[in-house]
Amino acid sequence: MRPDWEHYFMEITEVVAKRSTCLRRNVGAILVKDKRILATGYNGAPQGIVHCEVTGCLREKYQVPPGERHELCRGLHAEQNAIIQAAVHGISIKGSTLYTNTYPCVICAKMLINAGIERIVYKGDYPDELSKAILEEAGIAMEKI
């Protein structure tokens with residue numbers, strides 16, 4: 001059965017997430033405009049930095065719950081990497097839709113707002129109430145599928 005556009009793009013986020021090097025959560029994100037993929041991202045350590053599968057996870061070591069103390073992580077989030085990929089290649093993402101398999105954290109939410117993302121389609125929840133409040137205040141359309 002041929003998927004509709006929403007499910008098609010969401011399935012692609014699952015494939016992108018398979019590149020993740022995070023030990024706690026595999027997240028994939030894609031930025032789409034006019035039914036065209038502009039950029040992709042997955043969570044993991046920056047280029048040239050040793051992955052957490054080698055160094056271990058600081059958040060696990062200190063037993064940090066999901067949604068807290070984001071600074072105690074060697075990795076970038078999938079949404080951040082998608083935004084960075086677009087910037088590196090000179091691609092405007094203003095007015096695009098973010099598809100992600102996990103609801104964005106507050107740090108990513110602020111970046112997505114300032115990048116001009118108009119809509120976020122997500123699959124799984126994430127325990128970050130401030131993120132939800134900020135995205136709602138910014139008027140970004142949210143859709144869970």
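Refer to the structure printed above.
Quick caveat: nothing in here was measured; it's all calculated off a predicted structure. (Residues numbered from 1 in each chain as written. Predicted model: local features only at pLDDT ≥ 70, side-chain atom pairs only at ≥ 80, totals over all residues. Heavy atoms only, no water.)

Visitor: Explain the pairing of strand 5 (residues 141-144) to me, using residue names and the numbers behind them.
Guide: The sheet contact formed by strand 4 (residues 119-124) and strand 5 spans 4 bridges and is parallel. Across the sheet, the residue bridging to Tyr122 is Lys144, located in strand 5. The β-α-β motif built from strand 4, the intervening helix 6 (residues 129-138) and the parallel element strand 5 has right-handed crossover chirality. (Pairing = 2+ DSSP bridges. Helix = DSSP H or I, 4+ residues; strand = E, 2+ residues; numbered from the N terminus. Right-handed = clockwise from strand over helix to strand, strands pointing away.)

Visitor: Describe the pattern of salt bridges, listing the residues and the values that go with them.
Guide: The full count for this structure, using the stated rule, is 7 salt bridges. Between Arg119 and Glu143 there is a salt bridge, with its nearest N and O atoms 2.8 Å apart. In this pair, Arg119 sits in strand 4 while Glu143 sits in strand 5, placing the two residues 24 residues apart along the sequence. Of the residues examined, Glu143 reaches a relative accessible area of 29% and is grouped as partly exposed. The partner of Glu129 in a salt bridge is Lys132, and the shortest N-O contact between them spans 3.7 Å. Placement of the pair is Glu129 and Lys132 together in helix 6, with a separation of 3 residues, close to one helical turn. Note on Glu129: relative accessible area 58%, which makes it exposed. Shared partners join several salt bridges into a network, and the residues in it are Glu6, Arg119 and Glu143. (Salt bridge = Lys/Arg side-chain N within 4 Å of Asp/Glu carboxyl O. Buried < 20%, exposed > 50% of the residue type's maximum accessible area, 1.4 Å probe, protein only.)

Visitor: For the pairing of strand 1 (residues 28-33), give the residues involved together with the corresponding values.
Guide: A regular strand places its side chains on the two faces of the sheet in alternate fashion. Most of strand 1 is tucked away: 5 of the 6 residues are buried. As judged from the 6 bridges shared by strand 1 and strand 2 (residues 36-42), these two strands associate in the antiparallel manner. Bridge pairing links Ala29 to Gly41 in strand 2. The hairpin formed by strand 1 and strand 2 contains 2 residues between the paired strands, and Asp34 there has a positive phi angle of roughly 55°. Bridge count between strand 1 and strand 3 (residues 97-102): 4 bridges; the pairing is antiparallel. Opposite Ile30, over in strand 3, you have Tyr99 as the bridge partner.

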